[in-house]
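The primary structure of each chain is shown beneath.
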Number of protein chains: 2
Amino acid sequence: MSALVLGHMNPDTDSIMAAIAVADLYKKRGLDVKAAAQGKPTPESEFVLNKFGLTAPEVVEDVAGQDIYLVDFSDLAQAPKGIDTANVLGIVDHHKLGDITTSSPLLCWIWPAGCSCTVVKNMYDFYGVEIPASIAGGMLCAILSDTVIFKSVTCTEDDKKAVEDLAKIAGVADVKALGLEMFTVKSALEGATMDELVHRDYKDFNMNGNKIGIGQLEVVDLSMLDKYREGLQAEIEKIKADGRHSVFLLLTDIMKEGSDMLIASDDPAIVEKAFGKAPEGTHVWLDGVMSRKKQVVPNFEKAFK
Amino acid sequence: MSALVLGHMNPDTDSIMAAIAVADLYKKRGLDVKAAAQGKPTPESEFVLNKFGLTAPEVVEDVAGQDIYLVDFSDLAQAPKGIDTANVLGIVDHHKLGDITTSSPLLCWIWPAGCSCTVVKNMYDFYGVEIPASIAGGMLCAILSDTVIFKSVTCTEDDKKAVEDLAKIAGVADVKALGLEMFTVKSALEGATMDELVHRDYKDFNMNGNKIGIGQLEVVDLSMLDKYREGLQAEIEKIKADGRHSVFLLLTDIMKEGSDMLIASDDPAIVEKAFGKAPEGTHVWLDGVMSRKKQVVPNFEKAFK
C-alpha cells in the first residue's frame, strides 16, 4: 500500500498543496506515495485546484497501521484517527514543533517560514527535481494565502523568493492580482452555514492539558461579517460545549491588518492575560494581529502555562 | 548572550562535532551562536579534537531562559537542566523524533541518516558555505564513529557520500585507517572506572512512562571486556536502583558485528519480548545488533507499549 502524504484536519490550501507537491517530489525520488487530505478542499482551495488543473487529494480519515508523511503540522490534536499505530516517516512543516513522536528515525524539513510550500519549493531545489507548472501555481497560491499576500508577520524572505521563482515556473505574471482574486473567493460568505464558516480554517490545540480551538476567517473588509457575528458566536459556544476549555474565532481584516477575536471560554480572563487587552463583552480587537501561528497560539500557550 | 548549540547528555563525538560545525555554519550565516556540550569529551572525542586541532566546546549544564539549538537529540530525557524555560530555535538530528516541543516555529534538519554530521555536511552545501578543513576532519570522524566505519545498519548512502566529500576537504587519504585508529582509542579500557565505562555512551529514555537507561561500549574484540563484566554488571544495577525500570549495556564487537547485552531490569522478560531471545542469566548475545538507535531502542519501545 502506498504511503500517504497528508496535512492537518480542516485542510487549508497549504495542507492540500503541500501534500500534492511532496507526493509528486517523493514519487520522482522513487518512493511509493500518494497525496491525501483529512477532508474536502475549502472554496479557496477548490479555486486554486481548478485554476491550475489539479485534482483534490483523496480524503482519508483513518491512518491506523499505515506509513504516512505529514505536511503542515506536527501536533497529535491535528492528526487523523489511528495516528498512534501509524508509522510517521517524515514531516514537512513551518509551525512550532508539536507532540508527535516516532519510534524510528525520519526525514523532517521544518522551517520557520510563512508556509509549508515554501519549504517544499526548497526541497525540490535541494533534490534537483523540476516542479511541474501546475503544482508551482498551486504552491504559489498556498504561500500567498498563508502570508496574506506577504502582509502577515509570518512572511519571510524565503516566502517571497519562493513565490518569485514559482510564478516564473507557473507563468503567473501578476502575483498580487491572483492573490486578491483568491482572497475574494476566500471571503465569500453567502450560502455558507455557521458551522462551515467556523471550520473553514479551524484547529484544536492542547495547551497545558486544556483543549483549545482557534478558528480564523479572513475577509477583505470586516463589516462584511456584521450580520454573521451573532451566529458565529453561538456556533463557537456550541463547539466549546463539546469538551473544550475555550474556542476563539479570529475575524481578520486583511486590509486593516488586525483581527476581531470572538471568545467562548471557561476563563475569559485568559484573553487579557495573553494579549494585555480586556475584551468588550465576548470579543476584542487585536490591532496588527493577523497570524494565528505566530501571534495568537504562542501568547495563549504562555498564558496557559 | 549568544545562543548555544549543544548535543545530548554524555556527549559522543557526533554531539561534540555537530555542535562545533553547526555553530560555525550559523555564525557564517550571521547568527550569534556558540558551540557548547553537556559534558567533557570522551577519549575518542579528545583524540578527534586533537587530531584536527579543534577546541572542545564549553561545558554547559543549565540552559534556563536561553536561546538554544539542539544537535543529535530531540528527547527531553537527554536535555540539560532548564530546558522547560529555554527557547529551542532549531534541531539538527538523525534519531527518532522525541518529545521536545516548542512554542514558536523553528528550523529542523532531521534525516534518517547514520550521523548528525552527515546532515550538517548537507546543510553547509545547501547554504553554499565552505567547510573548514579541521571541522571537515572532525565531522568525518563522527560519521565513522556513528556508523562503526560503515558497518552499522544505520549507515546510509548519504553517510558514505558525506565521508567521501569530507575526506577530500580534510585531506584524509585513508579513511578506514583513521577509523580503526579512532576505534582503538575508543576501545581503550585501562585506567577507566566502571562508572566511566558505562557512561561513555549512555542515554536515558522514557518508554511509556518507564525510565530506561541504555549504554553501549564498542570494542574491536569482545574478549577485551571479560575481566570487566562483573564490575559493569554491578555498575548498571547501581544506576538502575536510582529510579529506573531497567538499565541495559550493549557490549558491541565491531569485528564480529553483534552485541552482548548486560541486563539490570525490574522485568527481565521484557528482553525476550523485545528481541525474541531469552537471556542467559543477566546477559544475552544479539547477533547482528550494533545500533542502539535502530535495532535496540525501537524494539524496547514496542515491547513497553
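Residues numbered from 1 in each chain as written. Chains lettered and ligands numbered in written order. Predicted model: local features only at pLDDT ≥ 70, side-chain atom pairs only at ≥ 80, totals over all residues. Heavy atoms only, no water.

## Observations concerning the pairing of strand 9 (residues 246–253) of chain B
Residues and elements named next belong to chain B.
Link 1 in the chain: The element strand 9 is extensively covered by neighbouring structure, given that eight of its eight residues are classed as buried.
Link 2 in the chain: Of the two faces of strand 9, the one lined by Ser246, Phe248, Leu250 and Thr252 and the one lined by Val247, Leu249, Leu251 and Asp253 are each fully buried.
Link 3 in the chain: The pairing of strand 8 (residues 210–219) with strand 9 spans eight bridges and is parallel. Note on strand 9: the bridge partner recorded for Ile212 is Ser246.
Link 4 in the chain: Crossover handedness for the path strand 8 to helix 8 (residues 229–241) to strand 9: right-handed.
Link 5 in the chain: Summarising the sheet, strand 9 and strand 10 (residues 258–265) pair through eight bridges and their orientation is antiparallel. Bridging from a neighbouring strand, Val247 pairs with Ala264 of strand 10.
Link 6 in the chain: Once strand 9 ends, the chain turns through four residues before running back antiparallel as strand 10, passing Glu257 with a positive phi of about 60°. (Buried < 20%, exposed > 50% of the residue type's maximum accessible area, 1.4 Å probe, protein only. Helix = DSSP H or I, 4+ residues; strand = E, 2+ residues; numbered from the N terminus. Pairing = 2+ DSSP bridges. Right-handed = clockwise from strand over helix to strand, strands pointing away.)

## Here's the deal with the UniProt feature "domain: DHHA2" (unreviewed entry) in chain A
Link 1 in the chain: Using the residue numbers shown here, the UniProt feature "domain: DHHA2" (unreviewed entry) corresponds to residues 179–304 of chain A.
Link 2 in the chain: Taken as a whole, residues 179–304 of chain A contains 38% helix and 29% strand, while its terminal C-alpha atoms sit 35 Å from one another. (UniProt positions renumbered as here; feature names shortened; annotations may be inferred.)

## With respect to the interface of chain A and chain B
Link 1 in the chain: Every contact between the two is made by 27 residues of chain A and, on the other side, 27 residues of chain B.
Link 2 in the chain: Each partner contributes to the roughly 2400 Å² buried at the junction of chain A and chain B, and carbon and sulfur atoms together form 65% of this total.
Link 3 in the chain: Here chain A is connected to chain B by zero salt bridges.
Link 4 in the chain: Looking at the side of chain A that touches chain B, the elements that each hand over two or more residues are strand 6 (107–110), helix 3 (116–127) and helix 10 (292–304) of chain A.
Link 5 in the chain: For the side of chain A that touches chain B, the leading source of residues is strand 6 of chain A, giving four residues.
Link 6 in the chain: Where strand 6 of chain A and strand 6 (residues 107–110) of chain B come together, three bridges link them in antiparallel fashion. Bridge pairing in strand 6 of chain B links Cys108 of chain A to Ile110 of chain B. (Contact = heavy atoms within 4.5 Å. Buried area = accessible area lost by both parts, 1.4 Å probe. Salt bridge = Lys/Arg side-chain N within 4 Å of Asp/Glu carboxyl O.)

## So, helix 5 (residues 157–170) of chain B
All names here are of chain B.
Link 1 in the chain: Between its first and last C-alpha, helix 5 extends 20 Å over 14 residues, near the 20 Å set by a 1.5 Å rise per residue.
Link 2 in the chain: Each element contacted by the buried residues of helix 5 is listed here: helix 3 (116–127), helix 4 (133–146) and helix 6 (175–187).
Link 3 in the chain: The first or second residue beyond helix 5 is Gly171, which carries a positive phi of 70°. (Expected span 1.5 Å × (residues − 1).)

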